[in-house]
Amino acid sequence: MITGKTKVYGLIGHPVEHSFSPQLHYMLATSLAVDMVYTTFDVEKSALKASIEGIKALNISGVNVTVPHKVAVMKYLDAIDIAAMRIGAVNTIVREGNVLTGYNTDYLGLKMALDYEKIFLKDEDILIIGAGGAARAVAVMCGYANVRKITVVNRTIEKAEELVKTIKEYFDIETEVIIMEELVELENMGIVFQTTSLGMFPNIKNNPLKDNIDYSKMKVAVDLIFNPIETEFLAKARKAGVKTMNGLGMLYYQGVKAFELWHGIIPEKSVLDKNFQLFINDRQ
Ligand code: NAP
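As the structure is a prediction and not an experimental result, all values here were calculated from the model. (Residues numbered from 1 in each chain as written. Predicted model: local features only at pLDDT ≥ 70, side-chain atom pairs only at ≥ 80, totals over all residues. Heavy atoms only, no water.)

Chemist: Which residues make up the sheet that holds strand E2 (residues 36-42), and what values do they have?
Modeler: The six strands are arranged E2-E1-E3-E5-E6-E4 in an open sheet whose pairing can be described as mixed. Sheet topology places E2 and strand E4 (79-80) at the edges, where each strand pairs with a single neighbour. With four bridges joining them, strand E1 (residues 7-13) and strand E3 (residues 62-65) adopt parallel strand pairing. By the bridge assignment for E3, Ile12 is matched with Val65. (Pairing = 2+ DSSP bridges. Helix = DSSP H or I, 4+ residues; strand = E, 2+ residues; numbered from the N terminus.)

See below:
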């Protein structure tokens, strides 16, 4: 029941009406009897600063941040967590009194989703397809997980080089950069993270990899896209006998991590697993 004491949380982005986050936080809050509401705030770029000031003015307890504000929001915050700083993007804001702190739970959520699927990264060779915001979260996650090597392949080579520079700055990991059109084989690529928007609804036939690539050469294929739940890239990997994972787990667990930061509650595994199954079932 909503009362005068119910705490308010939400999502700042543009557009926001198709977000799964309200449902996700409602599920967790109901399971764990947390007195909160979570709604969406459709914020244009020109209104971002005012919306962040509004968090303090309206005593909003915390917000998630999504496209297109994850980078731009950083300059309006009072403090930024070190991993979020390394990634260069914030997706969760915690308010403590008058102090707003920015975190990135995308990389933590992806790690939890991989753990759930028993996909372990230590000493593995990693290929990251793409070099945008999501790729940066993957790279920093891989850095913290002590992988052996990270190869970044991207259409725009400068962005891949910039990402590799960040990896080198913070982690002692071997790196390589490949321009997209020169990726002709996946031998020794190990775990492959597809982080571009190619294949996302409605352009579901798109795939960053060439038609003649041998998918069976990779160990695991991960696609951060969650709509559709199986992209062309994942379907081809599955048909080649490769273990696959879509972006639903990352989406779910980034929300779980935001929930933990806001409420100081670490839900039991049984609660998380049960809600994850409900969350997945709703989208199949
Ligand atoms: P972004 O910063 O805009 O980066 C987009 C990436 O896709 C860049 O590497 C870009 O290459 C590449 N790309 C786009 N169009 C391309 C094309 N036609 N040909 C070749 N490459 C192309 O976006 P983002 O925030 O990283 O998001 C990327 C994807 O991850 C989206 O599908 C998003 O839904 C997903 N995501 C999922 C989760 C989750 O919770 N599961 C979280 C975050 C993001 P250039 O650098 O050459 O432009």
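Chemist: Provide a residue-level description of helix H9 (residues 269-281), including the pertinent values.
Modeler: The terminal C-alpha atoms of H9 lie 18 Å apart, and with 13 residues this matches the ideal 18 Å at 1.5 Å per residue to within 8%. Within H9, the full set of buried residues consists of Leu272, Asn275, Phe276, Phe279 and Ile280. Buried positions in H9, seen along its axis, are confined to an arc of 135° and lie on one side of it. Tucked inside the fold, the buried residues of H9 contact helix H1 (21-31), helix H4 (106-116) and helix H8 (248-263). (Expected span 1.5 Å × (residues − 1). Buried < 20%, exposed > 50% of the residue type's maximum accessible area, 1.4 Å probe, protein only. Arc of directions from axis to C-beta. Contact = heavy atoms within 4.5 Å.)

Chemist: Could you give an account of the sheet that holds strand E12 (residues 243-245), with specific residues and numbers?
Modeler: Here we have six strands laid out as an open sheet, ordered E9-E8-E7-E10-E11-E12, and parallel in their pairing. Each end of this open sheet is capped by a strand with a single partner; those strands are strand E9 (174-179) and E12. In this sheet, adjacent strand axes meet at a mean angle of 15° when their direction is disregarded. Against the sheet, H4 engages strand E10 (191-194), strand E11 (220-223) and E12, with an angle of about 145° to E12. Contacts between helix H6 (residues 157-170) and the sheet are confined to strand E8 (149-154) and E9, with E9 contributing the most and set at about 175° to the helix. (Axes fitted to C-alpha atoms, helices over the stretch in contact; angles between N-to-C directions.)

Chemist: Would you mind going over the side chain of His263 in detail, with residue names and values included?
Modeler: Position of His263 among the secondary structure elements: in helix H8. When residues no more than four places from it in sequence are discounted, the contact partners of His263 are Tyr9, Val34 and Met36.

Chemist: Help me get a handle on the packing of H4 against helix H5 (residues 133-144), residues and values and all.
Modeler: Relative orientation of the contacting elements H4 and H5 amounts to 65°, with a least axis distance of 9 Å. With respect to the hand of their crossing, H4 and H5 are arranged in right-handed fashion. On the side of H4, the interface is formed by Asp106, Tyr107, Leu110, Lys111 and Leu114, while H5 contributes Ala137, Val138, Met141 and Tyr144. Split into classes, the residues belonging to the contact of H4 with H5 amount to seven nonpolar, no polar and two charged. (Left-handed = near helix turned anticlockwise from the far one by under 90°. Nonpolar A, V, L, I, M, F, W, Y, C, P; charged D, E, K, R; others polar.)

Chemist: How would you summarise the site of the ligand if you had to cite specific residues and measurements?
Modeler: The local shell around the ligand holds 20 residues, among which Ala134, Asn154, Arg155, Thr156 and Leu224 are the closest. A distance of 2.8 Å separates an oxygen atom of the ligand from a polar side-chain atom of Asn154. In this structure, Leu224 approaches the ligand through a main-chain N or O atom, which is 2.9 Å from a nitrogen atom. Burial of the ligand by the protein amounts to 75% of the accessible area it has alone, namely 920 Å². Of all elements in the fold, only H5 and H8 reach the threshold of two or more residues within the shell around the ligand. (Near = heavy atom within 4 Å. Polar contact = N/O pair within 3.5 Å; in protein donor to acceptor, adjacent residues only side chain to side chain. Areas by Shrake-Rupley, 256 points an atom, 1.4 Å probe, with all protein chains shown as cover.)

Chemist: Break down unusual backbone geometry for me, with residues and values.
Modeler: For the bond running from His14 to Pro15, omega is 5°, close enough to zero to count as cis. By the secondary structure assignment, Pro15 is in the loop between E1 and H1. Omega for the peptide link from Asn227 to Pro228 comes to 5°, which places this bond in the cis form. Structurally, the position occupied by Pro228 is in the loop between E11 and helix H7 (232-239). Even without a glycine there, the phi angle at Lys118 is positive, about 55°. In this structure, Lys118 sits in the loop between H4 and strand E7 (125-129).

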